[in-house]
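Read off the chains here:
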Amino acid sequence: MAEGGGGARRRAPALLEAARARYESLHISDDVFGESGPDSGGNPFYSTSAASHSSSAASSDDEHERPGPPRAAATQEPEEDEAGADWSSALRDRAPPRFEDTGGPTRKMPPGASAMDFFQLFVPDNVLGAMVVQTNMYAKKFQERFGSDGAWAEVTLAEMKAFLGYMISTSISHCESVLSIWSGGFYGNSSLALVMSQARFEKILKYFHVVAFRSSQTTHGLYKVQPFLDSLQNGFDAAFKPSQTQVLHEPLIDEDPVFIATCTERELRKRKKRKFSLWVRQCSSTGFIIQIHVHLKEGGGPDGLDALKNKPQLHSTVARSLCRNAAGKNYIMFTGPSISSLTLFEEFEKQGIFCCGLLSPRKSDCTGLPLSMLTNPAMPPARGQHRIRTKGNMSLICWYNKGYFRFLTNAYSPVQQGVIIKRKSVEIPCPLAVEAFAAHLSYICKYDDKYSKYFISHKPNKTWQQVFWFAVSIAVNNAYILYKMSDAYHVKRYSRAQFGERLVRELLGLEDTSPTH
């Protein structure tokens, strides 16, 4: 028995690699930002290594278990009478969606490309120049209405770059106040402080605008930042082609836990609650964020964030917006319970978009799904066992792993089997769709754990400014991903923090651009 257990332990890494070979290999390592970190615990049933220590309440390997049964479909239960649902227990194999496109950067950057070169793929000088014009227009109009400001002088392109550099520096120092740069304290930085005075920085901050005035035709609540978001989207589209597998989700943009732990109760009360929801379409092989969708809470109507929370089916509007440029490309979208629904998946399939989503009877729109697959039996089955019902190309999976997990997919064959490798070398059989979902979502969880540390820490009260700085943070992270996939990375292998430091110094026009170690 001991020999058998040792054999299972030796087989685990090989089984994991075999499982990974069945879906798209990662273009860059899991260690996406050049730093070591613990595995994400956000995924309840997947580990990226046989020795992973990640676990969750929904699926933990605290008890010793023998390796699971061979990878084969569980015996199907007799088909129940699903009135009007037209779901069957008869399974048939089907080929996966064909995908012949090559994902990755669309242009070859030279080995000597700088951090600024990658950042300006998304935020070029003409976009910064427009910010200069709009900021000066707003300052002029403001002073005409409220009185002259003798300390103000029109901002220049070089100053606007420095202004952005100071803000981006807070994503490296993780300091809540950008003004700490000019202090003599722990977050002070004398080399950066010499480029611009604190007084000048505060003046630019006071008048900074992307769009100074609302046009008569404008009704959108994000009119002050929408041109920047559109330009950023064009840059993302032009610079990168995603892989076949992508994820629709809300990234981690919550408050910095360091700030929450250290701020006073008065500071916490002053902080206004975020008035928008940020959703993204993200390449699951690289972490590159392909598309951004911002949903405002204010403004009422069916698109308001309050309605979005109360009616799960309205998440479909978010998914449609994120996938508006994805039709006809045979992409596979992985979705969470709030988006997954039979109606949406069938609609996407007609457009050449395939899906694999986690279902929740409580959070998902379960219209058209057989009720017997949404209720738990009185006696739980053995771990790794599953039931499957099909309707056309759609498969509804109920898989047990110390809890019931339900999946809806038209991207993977219900006949093909996969395997989940947990620590202690435990093999858990599962349908291929479950393996693929767990693998890609695990990578995105790892990415989120790391890239959320590099959001700009400056927290303005105005909603449009919050959206703007989140978007800039995403642009910097995307720039680093392109850098890491380029020849420039092999010349100077900057970590994410070093890349950010380099970018800040280049934006500020400093001669010494070597990263701080």
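Everything here concerns the structure above.
Parameters and conventions
Residues numbered from 1 in each chain as written. Predicted model: local features only at pLDDT ≥ 70, side-chain atom pairs only at ≥ 80, totals over all residues. Heavy atoms only, no water. Helix = DSSP H or I, 4+ residues; strand = E, 2+ residues; numbered from the N terminus. Buried < 20%, exposed > 50% of the residue type's maximum accessible area, 1.4 Å probe, protein only. Contact = heavy atoms within 4.5 Å. Areas by Shrake-Rupley, 256 points an atom, 1.4 Å probe, with all protein chains shown as cover. Pairing = 2+ DSSP bridges. Axes fitted to C-alpha atoms, helices over the stretch in contact; angles between N-to-C directions. Salt bridge = Lys/Arg side-chain N within 4 Å of Asp/Glu carboxyl O. Phe/Tyr/Trp six-rings, centres within 6.5 Å; stacked < 30°, edge-to-face > 60°. Patch = residues over 30% accessible without salt bridge, like charges linked within 9 Å, V, L, I, M, F, W, Y side chains within 5 Å. Parallel < 35°, antiparallel > 145°, perpendicular 65-115°, else oblique. Nonpolar A, V, L, I, M, F, W, Y, C, P; charged D, E, K, R; others polar.

Engineer: Explain the overall build of the chain to me, using residue names and the numbers behind them.
Structural biologist: Summing up its helical and strand segments, the chain has 16 helices and 12 strands in all. Burial analysis of the chain (517 residues in total) assigns 55% to the buried set. Once local pairs closer than 6 in sequence are excluded, the contacts in the chain between residues at least 24 apart make up 71%. Element-wise, carbon and sulfur atoms account for 53% of the exposed surface of the chain, whose accessible area totals about 23200 Å².

Engineer: Tell me about the sheet that holds strand β5 (residues 289-296), residues and numbers included.
Structural biologist: The mixed open sheet is built from 8 strands, whose spatial order is β5-β4-β3-β6-β7-β10-β9-β8. Edge positions in the sheet fall to β5 and β8 (386-391), since each has one partner strand and no second. Direction aside, the axes of adjacent strands within the sheet are offset by 15° on average. Bridging between strand β7 (residues 353-359) and strand β10 (residues 404-409) involves 4 bridges; their strand directions are antiparallel. Bridging from a neighbouring strand, L358 pairs with F407 of β10.

Engineer: Please give an account of the pattern of salt bridges that cites residues and values.
Structural biologist: The tally for this structure, following the rule as stated, stands at 9 salt bridges. A salt bridge links E100 to R98; the shortest N-O distance between them is 2.1 Å. For R98, a relative accessible area of 62% puts it in the exposed group. Between E347 and R320 there is a salt bridge; the shortest N-O distance is 2.8 Å. Here the residue E347 occupies a position in helix α12 (residues 342-350), and R320 occupies one in helix α11 (residues 315-322), the gap between them amounting to 27 residues.

Engineer: Pulling in residues and values, what's your account of unusual backbone geometry?
Structural biologist: Residues other than glycine seldom take positive phi values, yet N330 does so here, at roughly 60°. By the element assignment, N330 lies in the loop between α11 and β6 (331-335). For K402, which is not glycine, the phi torsion reads 55° and is therefore positive.

Engineer: I'd love a proper account of the packing of aromatic side chains, names of residues and values included.
Structural biologist: What characterises a pair of aromatic rings is the spacing of the ring centres plus the angle enclosed by the ring planes. Inspection of the entire model under this criterion finds 33 aromatic pairs. For the ring pair F455 and F470, a centre distance of 5.3 Å and an interplane angle of 85° mean the geometry is edge-to-face. Placement of F455 in the loop between α13 (432-451) and α14 (463-484) and of F470 in helix α14 is noted, with a sequence separation of 15 residues between them. As far as the burial class goes, F455 and F470 line up, both buried. Look at F468 and W469: their rings are 4.7 Å apart centre to centre, the planes differ by 80°, and that puts the pair in the edge-to-face class. When its relative accessible area of 0% is taken as the criterion, F468 is described as buried. When its relative accessible area of 3% is taken as the criterion, W469 is described as buried. Three or more aromatic residues joined by ring pairs make a cluster, and in this case those are F163, Y166, W182, F201, F208, F228, W464, F468 and W469.

Engineer: Could you give me a rundown of a nonpolar patch on the surface, with the residues and numbers involved?
Structural biologist: A surface patch of nonpolar side chains, amounting to about 250 Å² of accessible area, comprises V133, M137 and F213. Position of V133 relative to the elements: it lies in helix α3 (residues 125-146). A relative accessible area of 45% means that V133 is categorised as partly exposed.

Engineer: Let's hear about the pairing of β6: which residues, and what values?
Structural biologist: Judged by how many residues are buried, β6 sits mostly within the fold: 5 of 5 residues are covered. Burial of the side chains of β6 extends over both faces: Y331, M333 and T335 are buried on one face and I332 and F334 on the other. In the sheet, strand β3 (residues 245-249) pairs with β6 via 4 bridges, with the strands oriented parallel. Residue pairing across strands places Q246 opposite M333, the latter belonging to β6.

Engineer: So what about the pairing of β10? Which residues, and what values?
Structural biologist: Most of β10 sits out of view: 5 of its 6 residues are buried. Pairing of strand β9 (residues 394-400) with β10, which is carried by 6 bridges, proceeds in the antiparallel orientation. Counted as the bridge partner of L396 is L408 from β10. Hairpin remark: β9 followed by β10, antiparallel, with 3 residues in the connecting loop; positive phi at K402, about 55°.

Engineer: Mind laying out the packing of α3 against helix α4 (residues 157-173), listing which residues take part and the relevant values?
Structural biologist: For the pair α3 and α4, the least separation of the axes is 9 Å and the interaxial angle reads 100°. Accordingly, the angle class assigned to the pair α3 and α4 is roughly perpendicular. For the pair α3 and α4, the contacting residues are D125, L128, G129, M131, V132 and T135 in the first and L157, M160, K161 and L164 in the second. Looking at the contact of α3 with α4 residue by residue, the class counts come to 6 nonpolar, 2 polar and 2 charged.

Engineer: Now, about the packing of α4 against α14: what can you tell me, with residues and values included?
Structural biologist: Packing of α4 against α14 leaves a shortest axis separation of 11 Å and a crossing angle of 85°. With respect to α14, the axis of α4 lies roughly perpendicular. Side by side, α4 and α14 meet where F163, L164, M167 and I168 of the first sit next to W469, V472 and V476 of the second.

The analysis is restricted to geometry; functional conclusions fall outside its scope.
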